[in-house]
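# Residue-level structure breakdown
Residues per chain are reported as follows:
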Amino acid sequence: MTRPKMCAAFAAALALALPFQANASNNEDQTGVTTSDTAAPTSPPVAEKREHSYTRHGITISDPYDWLYDKSYPTVDDEDVLDYLKAENAWFETKMAPHKELTEALFTEMRARIKEDDSTVPQRRGDYLYWSEFEEGAQYRKHWRRPVAGGDDQLILDETALAEGLEYFRLGAVSVSKNGRYLAYSTDTNGSERFTARIKDLQTGELLADEIPETLSGLTWLKGDTILAYSKVDDNWRVNNVRLHTIGTPTSEDVEIFTEDDISFRVGAGLSAQEDYLVISTGDNETSEVRFVSADDPTGEQVLVKPRVKGVEYNIDIRDGELFVLTNDDHINFRLAKASIDTPGNWETVIAGRDEFYLTDFELFKDFLVTEGRLNGLDQVQIRSYDAPTSAAPIAFPEASYNAGLSNNPEYDQAKLRLSYESMITPDTVFDYDVASRSLEQLKQQEIPSGYDANLYTTERIEIQARDGTMVPVSIVMRKDRDQMNGGEAGPLHLYAYGAYGYAVPPGFSTTRLSLIDRGFAYAIAHIRGGDDLGRRWYLQGKLNERANTFNDFVDVGRGLIAQGYTAEGKVTASGGSAGGELMGAIINQDPAQYGAVVAHVPFVDVLNTMLNEELPLTPGEWQEWGNPIESKQAFAYILSYSPYDQVTAQEYPPLLVTAGLNDPRVTYWEPAKWVAKLREYKTDDNVLLLKTNMGAGHGGKSGRWNSLYETAEEFAFILWQMGMAESE
């Protein structure tokens, strides 16, 4: 129910590559992998090598596992491919079976830390208060509202009922019309991220006949709540349009009001602060362009704010005839500017860009504006006056290291701001901030039913020098009695990072991570280049031709933690997903001896082949992040130099658990499958290598809070097993 923020680029990130005889027939179990009806396999599957090669820029690449890429994708019906994935799943089940008891124990303790009948703090929008809740034991939420003036609670959406009988369910966009009568929502039932939108009449409870398939966007009410704006995804999972659906009419009559011709750009739309304009944004990972049109006349004339210029990003909001513009046009860390609605391209600086402060976002309210950013890597939320916007009143938070920001603030006229806050030792906390009195009121803190004492834990933020001299921040949390838990010896340490797309991994709280920490682990987040933890330049130093900095930072942080006595060689475990899975592939190629166990979730490891395949859904929009090896020999050679799949060599590798999703449109299933097949061929050790493919899910793994939690328990069981800490041993 949050008021949408205007975002310039809507490129979806890659978070964001002779057949054997299957051992048995297979069925799906609750974890989403195949289980055997007959004898368990006694050895891992070995994928056949089929001759395949190609030559680009005078360089020939052999790729004998290319056949695992079903060329009919997104349909995957090649029996050889499916048999291989099922055999890998059977091998996963066989190797994890002796540790089933540990997995169940971890799942039980993780679940015990979650308040099962939990709910969000109600927030006002219009004439109603809205909230959602889990009932005890439920996998999915129910969404409720009640009149501000008083009255009964009304169930407006029941995810549990919608998910009944489905292997996978995910709620996408949710949008209540301004008059409170209609609820638009979208759902994905197979993990492919192709959502179907429906409309419910909240007065009658009737589900309208309107059904909009193949959406991948927000749902925005326009023209007196009679029209719904949305974006349709094409066959290649690209969003290049904004369309209008009038309630009660066939979708065949929907009107497309904007189409983007550049295949690398993605499109999105949302309302301005006063909900009087529809703002249409298009962009890739480095360039953007924005238009706006009257929300009451969405088929009317659109106003282009400023034509796209390569490398210039901007997004806008509108208040009382003035545009506010967040842009990097004259400073890498962005400035805030404004312009008249009549001359939207004439930008006058409101808040200048600064080297020491990274301006990441802004939001307009009736009597004040809010800017968000990071100062020395720490989150800042600043209240500013329209009359004196350069003077900021930062909200003071109680800890030295934390993660904080604006939460759900749907009303334009708000005297209090809803904030979210957490740290590595402080559970998720909801505050209201009274703007007039500058005071914080805690509304809720995450409850941990099985018990949690923050005084048992300590958190640190240190810096470790990378090989090029750059100081890399690291956030660490551990038990205060960790030394005693490990008998005075260096204990195990789990290292996590992402390192791409300018996403900063926050030093936040996690109940699941306690299952490692309470067994003597330290848990560290490496704020490596590729994220924007220390500003926009930090991000740029980890992309394109500087991508190797990301991998080197992670390896060097681990080595630095070993040198400082936090752990020892072979006692570092590591995990990452999507682009962070690419990181896992690169670091085990570079320094395999450091790690005692590595988990790579939906890893983007076949980088070169994916960036060469412009028919894949995301590839054209990703060239700005990784480089275009089709056109550039230099980009081809550089990607080849680090692409984890291409750089697998004959050496010892650490124990490795890899996950994939058959319906994943972001990192396609064959990337982890090919990588595992090649690792089996080349690695010279006897360490465990497992591949688990969710046959009915996508990029995020299994749906439902308990199914997802069980997969985390499996991951931790694997890590503890490999570190010799499994209770069954």
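The rules we used
- Residues numbered from 1 in each chain as written.
- Predicted model: local features only at pLDDT ≥ 70, side-chain atom pairs only at ≥ 80, totals over all residues.
- Heavy atoms only, no water.
- Pairing = 2+ DSSP bridges.
- Helix = DSSP H or I, 4+ residues; strand = E, 2+ residues; numbered from the N terminus.
- Axes fitted to C-alpha atoms, helices over the stretch in contact; angles between N-to-C directions.
- Buried < 20%, exposed > 50% of the residue type's maximum accessible area, 1.4 Å probe, protein only.
- 1 Å grid on protein atoms, 1.4 Å probe; cavity = no way out; pocket = protein on both sides within 12 Å on 5 of 7 lines; lining within 4 Å.
- Points joined across faces, edges and corners; volume = space filled by probe spheres on them.
- Nonpolar A, V, L, I, M, F, W, Y, C, P; charged D, E, K, R; others polar.
- Expected span 1.5 Å × (residues − 1).
- Core = buried A, V, L, I, M, F, W, Y, C linked by side-chain atoms within 4.5 Å.
- Contact = heavy atoms within 4.5 Å.
- Salt bridge = Lys/Arg side-chain N within 4 Å of Asp/Glu carboxyl O.
- pLDDT = per-residue confidence, 0-100.
- Phe/Tyr/Trp six-rings, centres within 6.5 Å; stacked < 30°, edge-to-face > 60°.
- Lys NZ or Arg CZ within 6 Å of the ring centre and 35° of its normal.
- Parallel < 35°, antiparallel > 145°, perpendicular 65-115°, else oblique.
- Left-handed = near helix turned anticlockwise from the far one by under 90°.

With that out of the way, let us pick up the sheet that holds strand 13 (residues 220–222). Pairing within the open sheet is antiparallel, and its four strands lie in the order 13-14-15-16. With one partner strand each, in any of the chains shown, strand 13 and strand 16 (255–259) form the two edges of the open sheet. For this sheet the average axis-to-axis angle between neighbouring strands, irrespective of direction, equals 25 degrees. Two strands pair when backbone bridges link them, and strand 13 and strand 14 (residues 227–230) are joined in this way by three bridges, in the antiparallel orientation. Residue pairing across strands places Trp 221 opposite Leu 228, the latter belonging to strand 14.

Turning our eyes to something else, we now look at unusual backbone geometry. Each neighbour pair has its own omega, and for Tyr 73 with Pro 74 the value is 20 degrees, a cis peptide bond. With respect to the helices and strands, Pro 74 occurs in the loop between strand 4 (59–62) and helix 1 (79–96). Its identity as a non-glycine residue notwithstanding, Trp 237 has a phi of 60 degrees, on the positive side. Checked against the element boundaries, Trp 237 lands in the loop between strand 14 and strand 15 (241–246). Judged by its relative accessible area of 2%, Trp 237 falls in the buried class. Phi is positive for Asp 320, close to 50 degrees, though the residue is something other than glycine. On the basis of relative accessible area, Asp 320 is assigned to the exposed category, the value being 53%.

Space left empty within the atom packing is revealed by a probe, the size of a water molecule, rolled over the atoms. What the second largest pocket holds in volume is close to 260 Å³. In terms of lining residues, the second largest pocket is bounded by 18 residues, among which Tyr 73, Pro 74, Arg 194, Asp 235 and Pro 617 are the most central. Residues belonging to the lining of the second largest pocket are distributed by class as follows: eight nonpolar, five polar and five charged.

Here we take up helix 7 (residues 548–563). The end-to-end C-alpha distance of helix 7, which contains 16 residues, comes to 22 Å, matching closely the 22 Å that a straight helix rising 1.5 Å per residue would cover. Of all 16 residues making up helix 7, 13 are buried, and the element is well covered by its neighbours. Looking one or two places after helix 7, you find Gly 565, whose phi comes out positive at around 85 degrees.

Turning next to the pairing of strand 3 (residues 53–56). Of the strand pairs in this sheet, strand 3 and strand 4 are connected by four bridges, and their pairing is antiparallel. When the bridges of strand 4 are listed, Ser 53 appears paired with Ser 62. Linking two consecutive strands that pair antiparallel, namely strand 3 and strand 4, is a turn of two residues; a positive phi of about 55 degrees is found at His 57 within it.

On to the nonpolar core, then. Soluble globular proteins tend to bury their nonpolar side chains together. Counting residues in hydrophobic clusters, the biggest one holds 92 residues, and the most contacted among them are Tyr 84, Ile 476, Leu 495, Phe 554, Leu 561, Tyr 595 and Trp 675. Residue contacts for Trp 675: discarding those within four places in its chain leaves Gly 585, Ile 588, Ala 600, Pro 603, Val 605, Pro 644, Tyr 645, Val 648, Leu 656 and Val 658. Among the nonpolar cores identified, the runner-up in size contains 26 residues, and Trp 706, Leu 709, Tyr 710 and Trp 721 belong to it.

With that settled, consider the pattern of salt bridges. Where side chains of opposite charge bring their charged atoms close, a pairing between them can arise. By the definition in use, this model includes 48 salt bridges. Among the salt bridges present, the one from Glu 286 reaches Lys 310, with a minimum N-O distance of 2.4 Å. Linking Glu 286 in the loop between strand 18 (277–283) and strand 19 (288–294) with Lys 310 in the loop between strand 20 (303–304) and strand 21 (314–319), this pair joins segments that are 24 residues apart in sequence. For Glu 286, a relative accessible area of 17% puts it in the buried group. With a relative accessible area of 64%, Lys 310 lands in the exposed category. Of the charged contacts, one joins Lys 338 and Glu 322 as a salt bridge, the two residues approaching to 3.7 Å between their closest N and O atoms.

Across the chain, the average pLDDT comes to 92, with 93% of residues at or above 70. Counting interchain partners and residues more than four positions distant, the pLDDT-below-50 stretch residues 1–36 has 148 contacts.

All right, on to the packing of aromatic side chains then. Taken as a whole, this structure holds 24 aromatic pairs when the rule is applied. Relative to Trp 670, the ring of Tyr 73 lies with its centre 5.0 Å away and its plane at 90 degrees, an arrangement referred to as edge-to-face. Highlighted residues: Tyr 73 in the loop between strand 4 and helix 1 and Trp 670 in helix 12 (residues 670–682), separated in sequence by 597 residues. When the centroid spacing of 5.8 Å and the interplanar angle of 90 degrees are considered together, the rings of Phe 718 and Trp 721 count as edge-to-face. Placement of the pair is Phe 718 and Trp 721 together in helix 13 (residues 705–722), with a separation of three residues, close to one helical turn. In this structure Trp 721 comes out as buried when scored by relative accessible area, which is 13%. Between Arg 145 and the ring centre of Tyr 128, over which it is positioned, the NZ or CZ distance is 3.7 Å. The aromatic ring of Trp 347 is capped on one face by Lys 306, whose charged end is 3.8 Å from the ring centroid.

Looking now at the packing of helix 1 against helix 12. Two packed helices can be described by the angle between their axes and the distance between those axes. Running from N to C, helix 1 and helix 12 cross one another at 65 degrees; their axes reach a closest spacing of 12 Å. The orientation of helix 1 with respect to helix 12, classified from their angle, is roughly perpendicular. Relative to helix 12, helix 1 is oriented so that their crossing is left-handed. Along its contact with helix 1, which presents Tyr 84, Leu 85, Glu 88 and Trp 91, the element helix 12 presents Ala 673, Val 676, Ala 677 and Arg 680. Its residues assigned to classes, the contact of helix 1 with helix 12 shows six nonpolar, no polar and two charged.

Let us now look at the sheet that holds strand 24 (residues 348–351). Strands sit in the order 21-22-23-24 across an open sheet of four strands; the sheet is antiparallel. Among the strands making up the open sheet, the edge pair consists of strand 21 and strand 24. Averaged over all pairs of adjacent strands, the angle between their axes in this sheet comes to 30 degrees, without regard to strand direction.

Moving on, we come to the pairing of strand 30 (residues 416–422). The buried count for strand 30 comes to five of seven residues, which makes it a mostly enclosed element. As defined by bridge partners, strand 29 (residues 403–406) adjoins strand 30 across four bridges and the pair is classed as antiparallel. Looking across to strand 30, one finds that Ala 404 is bridged to Tyr 421.

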